[in-house]
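# Remarks on the overall topology
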Amino acid sequence: MSSGNEVWVTGLGAVTPGGWSAEETWDAVAAGKRFGQYLQRFPLYDAATRVGAPVPSLENAPLDRSHAIAFGQHAAREAMLQAGLGAETGVDVAVVATHGERQMPGPGRPAQLGKVADIVESVRKTAGARRTTALYGACAGGALAVGSAAKLIRSGEADVVIAGGTDSLLREIDYFSFCSLYAMTARDCPPEEASCPFDANRDGFLLAEGAAFVVLESERHARGRGADRLATIDGFGFSQNAYHMVASPPDALGPQYAMARAVHDAELDPSDIDYINAHGTSTRDNDWCETLAIRQAFGNAVAEQIPISSVKGVLGHSMASAGAIETVISVLALRDQIAPPTVNLVNPDPRCDLDYIPDGAREMKLEKVVNNSFGFGGHNASLVIGRG
């Protein structure tokens, strides 16, 4: 994107299993900490999966309010505060990805339906947004929200947008639904090792929860009020391969197109990308498909030179918020010039044969990174993020 028409990132906020702020989350990711644990939030009965990655400090709290609302409000407030904006100042639009939230009735607690509209409205009020939109893209939702916000700014339809996602699917209904899809990990291993992206022993994702939001501004608006540029959103690509409800497309064309389109939108060559924050869910299908898509989008010679990692071995998979959380992580990786590691990658799958940073965080020069998010049902989103 040409200078003078940049989309600036001016605020970050996150709530994840790694902590209640963007910085806590980044410190945990860079250090390669792991947050998988045996789940105690509700009875698991005879479920094959016994693990999850909850946000800390809520595990023993009464489940009588929406976690998705609490996470979303906190992350949005943090992003607004860093951007130097308040609810009274407001933003033009809030773009929010979420699945809603459902709670079964139980002893001392009522059934609860966390409506998408209520979750989105809570973020809108926190940010003082005049307009809002709910965006569904399954596991790609958070990245789609950020990319859509960037498009609103580039088109001149908005000057400042808060975008991201919030999800709390560590509830009985959704947990057992994913169990029935055989999508979650059931490995016989310590829970902190359950999510192992690109490893030959991977068998499913580690369900997590959380939220993340970024404040995006037009360069003109940000400069006019003296805001700091944390990073830039330089490119956005998306696709819908509609191959299967949960399986990845064997030709990898949908994810390939999203990545290639994002790099083209940023007016870059594939060789200009310094690092890829992979979707890397630790499912059997996703990881080899993403490997193939990277090879096809970048060409073998370039793909084999680009460091790649998945942070889901650390944080698990927080669904609609994952792409937004990983946008925050990508921005902080650019700031600190550190590519985070892929933890629990011990026995690489021969089909996942790229440089997945298995041995700890890597200090390196980072100017342009790609953030990938691919969702069930064929939703694909890729962002190119530039150093601030």
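All of these numbers come straight from a predicted model, not from anything done at the bench.

### Overview of unusual backbone geometry
Residues other than glycine seldom take positive phi values, yet Ala138 does so here, at roughly 50 degrees. If you trace the backbone, Ala138 turns up in the loop between β7 (131-135) and α4 (141-154).

### Some remarks on the layout of surface pockets
To find leftover empty space, a probe the size of one water molecule is rolled over the atoms. Approximately 390 Å³ is the volume attributed to the largest pocket. Every residue lining the largest pocket is counted, 29 residues in all, and those nearest its centre are Val246, Ser248, Thr283, Asp285 and Phe376. Contributing elements (two or more residues each) for the lining of the largest pocket: α8 (284-298), β15 (368-375) and β16 (379-387). Ranked by residue count, the leading element in the lining of the largest pocket is α8, at five residues. Each residue belonging to the lining of the largest pocket can be placed in one class, and the counts come to twelve nonpolar, 13 polar and four charged.

### Some points on the pattern of salt bridges
Under the criterion given, the structure shown has 21 salt bridges. Note that Arg154 is salt-bridged to Asp265, the shortest N-O span being 2.7 Å. You can see Arg154 sitting in helix α4 and its partner Asp265 sitting in helix α7 (residues 253-265), a full 111 residues away along the chain. The partly exposed category is assigned to Arg154, whose relative accessible area is 29%. Asp265 sits in the buried class, given a relative accessible area of 13%. Linking Arg202 and Asp349 is a salt bridge whose minimum nitrogen-to-oxygen distance equals 2.9 Å. Separated by 147 residues along the polypeptide, Arg202 in the loop between α5 (172-180) and β9 (209-218) and Asp349 in the loop between β13 (338-339) and β14 (362-363) bring together distant segments of the chain. When sorted by exposure, Arg202 lands in the same class as Asp349, which is buried. Salt bridges here are not isolated pairs; linked through shared partners, they connect Arg202, Asp287, Asp349 and Arg351.

### Some details on the packing of helix α1 (residues 22-31) against helix α11 (residues 322-336)
Closest axis-to-axis distance for the α1/α11 pair is 10 Å, and the angle between their directions is 70 degrees. Put simply, α1 runs roughly perpendicular to α11. Facing α1, whose interface residues are Ala22, Glu23, Thr25, Trp26 and Val29, α11 presents Val328, Ile329, Leu332, Ala333, Arg335 and Asp336. Grouping the constituent residues of the contact of α1 with α11 by class yields seven nonpolar, one polar and three charged.

### Brief notes about the sheet that holds β15
Here we have ten strands laid out as an open sheet, ordered β7-β4-β8-β9-β1-β10-β16-β15-β11-β12, and mixed in their pairing. Lying at the two open borders of the sheet, with one neighbouring strand each, are β7 and β12 (308-309). Direction of pairing for strand β4 (residues 93-97) relative to β7: parallel, over a ladder of five bridges. When the sheet's bridge partners are listed, Val93 is paired in β7 with Arg131. Relative to strand β1 (residues 7-15), helix α2 (residues 67-83) is tilted by about 140 degrees, and along the sheet it contacts β1, β8 (160-168) and β9. The strands touched by α7 are β10 (231-240), β15 and β16; relative to β10, the strand with the most contacts, the crossing angle is about 145 degrees.

Conventions and cut-offs
Residues numbered from 1 in each chain as written. Predicted model: local features only at pLDDT ≥ 70, side-chain atom pairs only at ≥ 80, totals over all residues. Heavy atoms only, no water. Helix = DSSP H or I, 4+ residues; strand = E, 2+ residues; numbered from the N terminus. 1 Å grid on protein atoms, 1.4 Å probe; cavity = no way out; pocket = protein on both sides within 12 Å on 5 of 7 lines; lining within 4 Å. Points joined across faces, edges and corners; volume = space filled by probe spheres on them. Nonpolar A, V, L, I, M, F, W, Y, C, P; charged D, E, K, R; others polar. Salt bridge = Lys/Arg side-chain N within 4 Å of Asp/Glu carboxyl O. Buried < 20%, exposed > 50% of the residue type's maximum accessible area, 1.4 Å probe, protein only. Axes fitted to C-alpha atoms, helices over the stretch in contact; angles between N-to-C directions. Parallel < 35°, antiparallel > 145°, perpendicular 65-115°, else oblique. Contact = heavy atoms within 4.5 Å. Pairing = 2+ DSSP bridges.

Function cannot be read off these values alone, since they describe shape.
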